[in-house]
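# Structure assessment
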Amino acid sequence: MTLVERIAAYREVVEEWLHGLYHGMIEHPAYELIEKEAEDNDDAFMFACFADAFGIPSPVSYYTAELLPYLGDEFEQWERRMWDRESLIERKGQQYHF
Amino acid sequence: MEKFVFFGGKGGVGKTTVSCAYGLKCAREGLNTLVVSTDPAHSTSDVFDQQFDDDPAPVEGYENLHAMEIDPDEEVERHLLDIKRTMSDQVSPGIVNEIERQIELAHRTPGAYEAALFDRFIDVMRNAEEYDRVVFDTSPTGGTLRLLALPEFLQSWIDRLVHKREKSIDLFEKAAIGERSARKRAAEDPIIARLVERKEMFEFAAETLRNDAAFFLVLNPDELSIRETSRAIEDLSGHGLAVRGLVVNKVAPSPDEGEEGTGATYLRQRYETEQERIRHIEAEFDQPIVARIGQRVEEVKGDLLAEVAAELGIPVASEVRA
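Notes on the structure in this doc start here.

It is a probe the size of a water molecule, rolled over the atoms, that shows where empty space is left. All names here are of chain B. According to the stated counting rule, one finds two cavities of 30 Å³ or more in the structure shown. Here the second largest cavity defines a volume of roughly 50 Å³. If you trace the second largest cavity, you find it lined by Leu148, Ala149, Pro151, Glu152, Ala206, Leu209, Arg210, His239 and Leu241. Partitioned by chemical class, the residues of the lining of the second largest cavity number six nonpolar, one polar and two charged.

Before going further, it helps to spend a moment on the environment of glycine 72 of chain A. On the secondary structure map, glycine 72 of chain A appears in helix α3 (residues 68-84). Here glycine 72 of chain A is in contact with Val91, Ile95 and Ile99 of chain B, once residues within four sequence places are set aside.

Moving on: the interface of chain B and chain A. The interface is formed by 47 residues belonging to chain B together with 37 residues belonging to chain A. Here chain B meets chain A over a buried area of about 3900 Å², counting both sides, of which 69% is carbon and sulfur. Counting across the interface, chain B meets chain A through three salt bridges. Residues glutamate 74 of chain A and arginine 165 of chain B are paired through a salt bridge, measuring 3.5 Å at the closest nitrogen-oxygen approach.

Right, let's talk about the packing of helix α3 (residues 72-90) of chain B against helix α4 (residues 96-108) of chain B for a bit. Residues and elements named next belong to chain B. Here α3 crosses α4 at 160°, and the two axes come no closer than 10 Å. Considering their axes alone, α3 and α4 lie roughly antiparallel with respect to each other. Relative to α4, α3 is oriented so that their crossing is right-handed. From α3, Val76, His79, Leu80, Ile83, Lys84 and Met87 reach across to α4, where they touch Val96, Ile99, Glu100, Ile103, Glu104, His107 and Arg108. Broken down by class, the residue content of the contact of α3 with α4 amounts to seven nonpolar, two polar and four charged.

Residue and element names in this part refer to chain B. In space, the eight strands of this open sheet follow the order β3-β4-β2-β5-β1-β6-β7-β8, with mixed pairing throughout. At either margin of the open sheet sits one strand with a lone partner, and together these are β3 (57-58) and β8 (289-294). Sheet strands in contact with helix α8 (residues 223-238) are β6 (213-219) and β7 (243-251), and its direction is about 160° off that of β6.

With 22 residues, helix α7 (residues 190-211) of chain B extends 32 Å from end C-alpha to end C-alpha; this agrees with the ideal 32 Å at 1.5 Å per step. Of the positions making up α7 of chain B, those classed as buried are Ile191, Ile192, Leu195, Arg198, Met201, Phe202, Ala205, Ala206, Thr208 and Leu209 of chain B.

With that out of the way, let us pick up a nonpolar patch on the surface. Residue and element names in this part refer to chain A. Together, Tyr10, Val14, Leu18, Leu21, Tyr22, Met25 and Ile26 give the surface a local cluster of nonpolar side chains, amounting to about 760 Å² of exposed area. Structurally, the position occupied by valine 14 is in helix α1 (residues 3-49). Since its relative accessible area comes to 34%, valine 14 is described here as partly exposed.

The rules behind each value
- Residues numbered from 1 in each chain as written.
- Chains lettered and ligands numbered in written order.
- Predicted model: local features only at pLDDT ≥ 70, side-chain atom pairs only at ≥ 80, totals over all residues.
- Heavy atoms only, no water.
- 1 Å grid on protein atoms, 1.4 Å probe; cavity = no way out; pocket = protein on both sides within 12 Å on 5 of 7 lines; lining within 4 Å.
- Points joined across faces, edges and corners; volume = space filled by probe spheres on them.
- Nonpolar A, V, L, I, M, F, W, Y, C, P; charged D, E, K, R; others polar.
- Helix = DSSP H or I, 4+ residues; strand = E, 2+ residues; numbered from the N terminus.
- Contact = heavy atoms within 4.5 Å.
- Buried area = accessible area lost by both parts, 1.4 Å probe.
- Salt bridge = Lys/Arg side-chain N within 4 Å of Asp/Glu carboxyl O.
- Axes fitted to C-alpha atoms, helices over the stretch in contact; angles between N-to-C directions.
- Parallel < 35°, antiparallel > 145°, perpendicular 65-115°, else oblique.
- Left-handed = near helix turned anticlockwise from the far one by under 90°.
- Pairing = 2+ DSSP bridges.
- Expected span 1.5 Å × (residues − 1).
- Buried < 20%, exposed > 50% of the residue type's maximum accessible area, 1.4 Å probe, protein only.
- Patch = residues over 30% accessible without salt bridge, like charges linked within 9 Å, V, L, I, M, F, W, Y side chains within 5 Å.
- Areas by Shrake-Rupley, 256 points an atom, 1.4 Å probe, with all protein chains shown as cover.

Structure, rendered in structure tokens:
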């Protein structure tokens, strides 16, 4: 292995590490934050669609029931989350890395 | 005259009689007419002495006249089965029960009945090309009003749902890192597609009700029905739907001059009170009285229906705006 090749290989490793570091410290938490936000948003959507699952009469549930076949997995997860969620702080707390 | 004509009013004032009579009048003048009963206590069948169902059927003995009776229960059931069928293609068997419970629940809520009725309503309006005039005999005031107010209300609700969904998809797309594909994509999202489809349906309904429909209220010359009519007019105009005219039904006849018995005295007094109320209606309401229909001793059907039809001052006008 020539010197040039060894330097190139070394640089590759360093670059990968740097990218990994950047991803772990900056990128990933940010993406996670966005994803959590998206999930929260989804929860609100589900609630607006199926409020009657929690005993709140909803005038549109007749129509939104049509969406259920496509929301299958999401619906079940959402229902579990809604029953289990203890407090807003607990949920929001997950979004910060200390 | 508009293509779609609605008759509403308090329960028991004779909406069905008036609608059928008007339908007959239109048919007599050569318009291909459909009478649609949306009242759960269907009495179109009684008026024409013929059983009708969910599909338009020609009325025996009359030319150009068709009738149908909408059954919301049947529609709810059909809707429910439809969704369940789609579900069995889409959802993994593990969670079917969970979802099924929710679907059943959505079809047992009080609003389901109205939503189903409304769906059928729109369906009829959409597929009415072959008819020149469609006459709706609606359920008593409260139900009808809620029904006609639905489109606007539902439209804004669906708008909000679509907006929320789009936002979360947008966020999911942003969260997709590098090679990893987004968990959801807007272009192929069946949820948005379904919601938009629904929204277009409501838009069609709102537009048709506003532009191609005329509303008439039927009332009797009594206090209760007058008061309910004034409330109904207020509610309808609140939703941008103007009432074209009033049909005063079941007006008592006056006895002949010389008659003085107990019956005649009663009838005379009653006649006078009613005339007083009709004058009151004329003075109080902005809408014209388009017909005063005398009370009949017998059930209105057969030849009597034609008589009532002749008393209706609602124009038929063969040019249909639609």
